Structure formats: structure tokens, C-alpha cells
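Residue strings, one per chain:
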Amino acid sequence: MMARASFPEATGRRALPILCLVGALLIGLLLSLMVGSVPIAPREVMRALFAGGADAQDPIVAVVRQIRLPRAILAGMVGAALALAGLGFQAISRNPLADPTVLGVSSGASFGVTIATVLGLAGPFGNPAVVTLFAFAGALLAAVSVYAIAQVDGRLPITTLLLSGVITGLFFTSCVMLITAFLAAAELQGVVFWLMGNLMPAGGRTLAVLALVLAIGVIVFARQAARLNLLALGEEQALQLGVEVERVKRSAFVAAALVTGAAISTAGSIGFVGLIVPHAARLLLGPDNRRLVPAVGLLGAAFLMLADLAARTVMAPAELPVGVITSFCGAPLFVCLLRSRRGVEASL
Amino acid sequence: MNTLQVEGVSFRYRTGRGVEDVTFRASPGELLGVVGPNSAGKSTLLRLLSKVLLPQQGRILIEGRDVAALSRMALARRVAVVPQEFHVAFPFRVAEVVLMGRYPHAAGGAWGATNDDARDRTMAQAALKATGTAHLASRRVDELSGGERQLVSLARALAQEAPILLLDEPTAHLDLRHQGIVLSILLAHHREGRGTTILVSHDLNLAAEHCDRLLLLAGGRVRAVGRPEEVITPEHLEPAYGCPVTVERHPASGRPRVQGILNQRDARGTASQHSPEVREAGRS
């Protein structure tokens, strides 16, 4: 009877934390719409959002609908994409420190976007889907390089993984710098600003591409979640339990590179979201990926919305790049995780 | 019918090691020990039986079906493996880890596998109880001691409900007391079921004491198969291990007991001969 009582429920309690996270996301969204150079009361926000027939004359409606809402949606989708990418890389490498920034995958995506810029495919007249494709290619190239360099006898030891991530990141960052050195001043400004990570209102097509890619990512991760759990036992044991390990790894790998590429191509390099959010979600919900996939998506969206809110307000009227906020949160957490015994052991 | 039939199986790594023309069979209810020196091919054989590797020659039949043609899920319903060491990358709870053993039974719909329905949970609980780890169910695996973790690993394999259980040195990293606990649980489980248990072990005496039959591997080849008293003899062991041995009878069980005889010349000989394995052991 004791055993029955202590046997943890896996299925029953899944809904409640997810509902809490949905609540957190809605609160984050509401705050993003309220706070800014012109503070807007919650009731006014609601009215601006749901009042039928957009009143073009009303400045509050314009601010909420045309400025703050698109920006909040962009922040939410970018946050969810980067957080899911981190979760995917962590599951594949069996390492809680893996993240698009740490692995240099973000730099690879930046490189892809820079190439697209040089080719004249980016910018206001470019097709966002094409830019995303370039970013995806760059991200995939970087990710494949990192894993190829880091692999020792079919394992991914933590030290070689981190080192090869640093090397790959530096290499692609240098490539980007080399290319920007040749760019004309006007283009350069755009690239540099974008590289710092920004959530300037994006066009409808950009948001649509990002939404589509994010949806693909969520579907892939949700479908593979149970199998990604079994990877935690090690690849050989996962095979022996009936998991087609290579297929699972490949699809999660491609999905993680894809969402990274989409996030980076719309918002530039925003670091450490993929490290912070899965870690927080694991503390809340445990390591089961079937719960983590929706949770990490929601929490990532809420996190980046709030980080953007902070970036907009701490030095108002000046605006910080949101990447500064996420790095200030992420870098100390990375150090803590690296120093903790468990973080190191987990990579064995 | 034989549960397991291995017919002329060969596999060679690029380094040249592996197994060569291995043939044996195991029947239901049998406890078969696989013994041999380092790099004899024991782990390779285990990887072949669990389809981590595919034979380059020959074939392996499980319940009459070729392993190469079975899906991994179908194979995992027939063969469960307890690895030498058991590390879980993230802080999963014991119950969650044991439920992972139910994955091969999962109804894998489009949205992935559900391995925690009522029957899965019953089986996982039974496995925890059988290994005396029910009280650990909600503990984090990464916080357990080595002995407890090995019991959880065994529970995970038992939850798999497979007729063939493969164990790779399940007691190698345990102290004497936990060796005894793991072994007695294993033997109790084996006696209860009609399953086939294959125990890979370094420990000749342990294998001779408990196994129905022994398979002696050396240099990737089968050197002897048979009852312990047929296999544990100086004629078989001395060429396999490259050192002289003495064999005597266990006073209580009457099973053979073996001891290596060391002299200066052989100590030098084996050290140089086995240096790659020494390195390998140091790494793992």
C-alpha cells in the first residue's frame, strides 16, 4: 500500500501546471501591452483589443494594436522557438547546458542571415521565408560541426561539447564580421543592429513564417517527446528499449536548427533563452519531455515578453537590446549549472 | 523450441576485435553464463543479441524469428538488457525510469508513445516490488547510491516483461553486500519465470556457482559450452586466459571453483597482452 501511495502520478497532474503557464503567458502579454512610453490601463488595453471596428483615430488603439501587440507576439514566438531549440539540443546531447548560443548554433544562423543580406535577399523587400531558410542552413551547419567535433567514441563529453561550441561560435561570428567589413555603411547599420538582438515590429509575413516554423517545431518535439525521454538512459539503452535512436535524433536536430534559424532571422541573436527556460521548466515540472514541450514553449514566450518589457523600460526612453537582459540572466545560470555537481555528472 | 538460437555469428570492429563464428542456443528456463577474459567478445555478443550491432555473418533467432528482421520495438518486447552501468542524464524519478521499460509495449500513436497506462503502472509497480525498491519510487535516480541504482536498472528491465533477460556484469561495480542483493533478486526472478537469463560475467566463480550452463569465449570465439564442471577446467581455461589455473570443488555446492596461479613470467606476459583493455577499463 505504501508503494501505491508513493508511486507518483504521471498523467493526472499534467494539466494544472500547463494552465498556470498559460496564465503566466497571458499576464506577460497584458503587461507588455500596458507598459511603455504611454502607460495604458488594463481596461483600456482590453477595449483597444476587443472593441469592434478599429478606430483609426484613437491613439490608444493604434499603440496597442499596431505597435505593442505585434512586438509582444514576436517576442513570444521568438522566446518559444529559442526555448524549444534549447530543450531539443539538451535532450539529444543529454546535457542541460546545451543551448543554441552555447553551441554556436546561433552564430551559424547569424552567418546564414548575413549571407542572405549580402545577396540582397533580406531587408524590407526580401522574402522572410528565404532568409529563414538561410538562417536554418547556417544553424544546421554549425550544429552538425559542433557534434562532429565534440564526439568521442560515440559520446558527447561535456568539455569537448562546450569547447567545440565556443570554437564554432567564434568561427561563424568571425565570418559575420568579415562580411560586415565589406558591406556598405547603410547595410552595415542594419546588420549590426539586428545582430545585437532586437524585437522591432516585424511585418505580417515575417510573423507568419515564424509561426509556421514554430508550429512545425512544436509538432516534431511533441511527437518525439517520449523517445527523447528514453535518450536520457543513453543511446545504447534507448536502442535496446526499441527506440530508433538515429531517426529520433535526426528529426529533433533538424527541428531545433529550424526553430533557431527562424528566431534568429527575425530577431537576431538573443542569447541563453534556450538555457534558462528549459532549466526553469524542469525545476517546475520535472524532466519528462512530454510535459516539457508545451511548458517550455509557453514559458519561453512569457519569459521573452517580460525580458523585452524590461529592455524597453529600465533605461526609458532609451531601449536596451533584449539580448542584454537575457544574457544577464543566462550567463550566471550557466556558471551555476556548470559548477553544480549534477550538471557535470549529467554529461557522463 | 529454443528461445534463443545463435548460428555462426561473426562481427568484427574496425580495430579487428569482435566475435567469430559464434554458435549456441538457450532454452526457456535456462540460466546461461557467458564468461571469458577481457576483450573475449562478451559485450559484443550482448550488443548483437540486442541488435545494437547487426551480425556481419550468421544469424540470431529469437523464438524462431531472425533478429535482423524484427523491429526494435518487437525485439525489446522479447529481450531486456541490464547494462553494466546505469546513468540517467536528467533528474527523472525512479518510477518514471521504470516506466521507460514499458516503452516497447506502448501504443505508439501519432503523438508518440504512452507508456503509463494502468497495465504499465501495474507492471512497473510489480517490478519495483520484486527488486525491493518500491520505497524509492518517487526518489530522483541521480540521488541514489550505486547499489540502489543497479536495482532500479534491474526493475526497469523486469518491467519490460521480456522472455529473455541479458545482464552485462550486473554486479561489477557493487560492493559485496549489494552484489549479493542484486544476485539473489535476479535468481529469484529467474526461478519464478520460464524466461531465459543470460548473465555476462567476469567472475568465473559466480557464474559457475549459479548458472545452468556456461559459454566460454576467448579471442571472439567459443572455446567451450556446457555445464559448469565441463567448462571450468584447466584444459579450457588455461589457453583462454593465458595463465595456469587450479580448479577445486566448492565445499557446500559441489560446483567448480577456480583460481589463477600467478608467476613472474606470466604477470609480465599478461600485462603487455592486455594493455589495451587496461586503458579501456580506465576510461569507463
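Summary of the structure given here. Nothing here was measured: the structure is a model prediction, and the numbers come from that model.

**Thoughts on empty space enclosed by the protein**
Rolled over the atoms, a probe sized like a water molecule indicates the empty space that remains. Per the counting criterion, the structure on display carries three cavities of 30 Å³ or more. Around the largest cavity sit 13 residues that line it, and A:Asn229, A:Asp288, A:Arg290, B:Glu96 and B:Asn115 are the ones nearest its centre. Looking at the lining of the largest cavity, the elements that each hand over two or more residues are helix H9 (204-231) and helix H13 (289-313) of chain A together with helix H3 (94-100) of chain B. Split into classes, the residues belonging to the lining of the largest cavity amount to six nonpolar, two polar and five charged.

**Comments concerning unusual backbone geometry**
All names here are of chain B. With a phi close to 50°, Asp21 is a non-glycine residue in the positive phi region. Secondary-structure assignment places Asp21 in strand S2 (residues 18-26). On the accessibility criterion, Asp21 (46% relative accessible area) is partly exposed. Notably, Glu161 is not glycine yet its phi reads approximately 55°, a positive angle. Mapping Glu161 onto the fold places it in the loop between helix H5 (146-159) and strand S7 (164-168). The exposure class of Glu161 is partly exposed, given its relative accessible area of 30%.

**Here we look at the nonpolar core**
Of all hydrophobic cores here, the largest spans 154 residues; its most connected members are A:Val78, A:Phe89, A:Leu199, A:Ile270 and B:Val98. If you tally residues by element for this core, the top one is helix H4 (residues 59-93) of chain A, at 14 residues. With residues near it in sequence (within four places) discarded, A:Leu199 still touches A:Arg71, A:Leu74, A:Ala75, A:Val78, A:Ala267, A:Ile270, A:Leu304, A:Asp308 and A:Val322. B:Val6, B:Phe11, B:Leu49 and B:Leu217 belong to the second-largest nonpolar core, a separate cluster that totals 30 residues.

Definitions and limits used
- Residues numbered from 1 in each chain as written.
- Chains lettered and ligands numbered in written order.
- Predicted model: local features only at pLDDT ≥ 70, side-chain atom pairs only at ≥ 80, totals over all residues.
- Heavy atoms only, no water.
- 1 Å grid on protein atoms, 1.4 Å probe; cavity = no way out; pocket = protein on both sides within 12 Å on 5 of 7 lines; lining within 4 Å.
- Points joined across faces, edges and corners; volume = space filled by probe spheres on them.
- Helix = DSSP H or I, 4+ residues; strand = E, 2+ residues; numbered from the N terminus.
- Nonpolar A, V, L, I, M, F, W, Y, C, P; charged D, E, K, R; others polar.
- Buried < 20%, exposed > 50% of the residue type's maximum accessible area, 1.4 Å probe, protein only.
- Core = buried A, V, L, I, M, F, W, Y, C linked by side-chain atoms within 4.5 Å.
- Contact = heavy atoms within 4.5 Å.

Nothing here speaks to function; it is all geometry.
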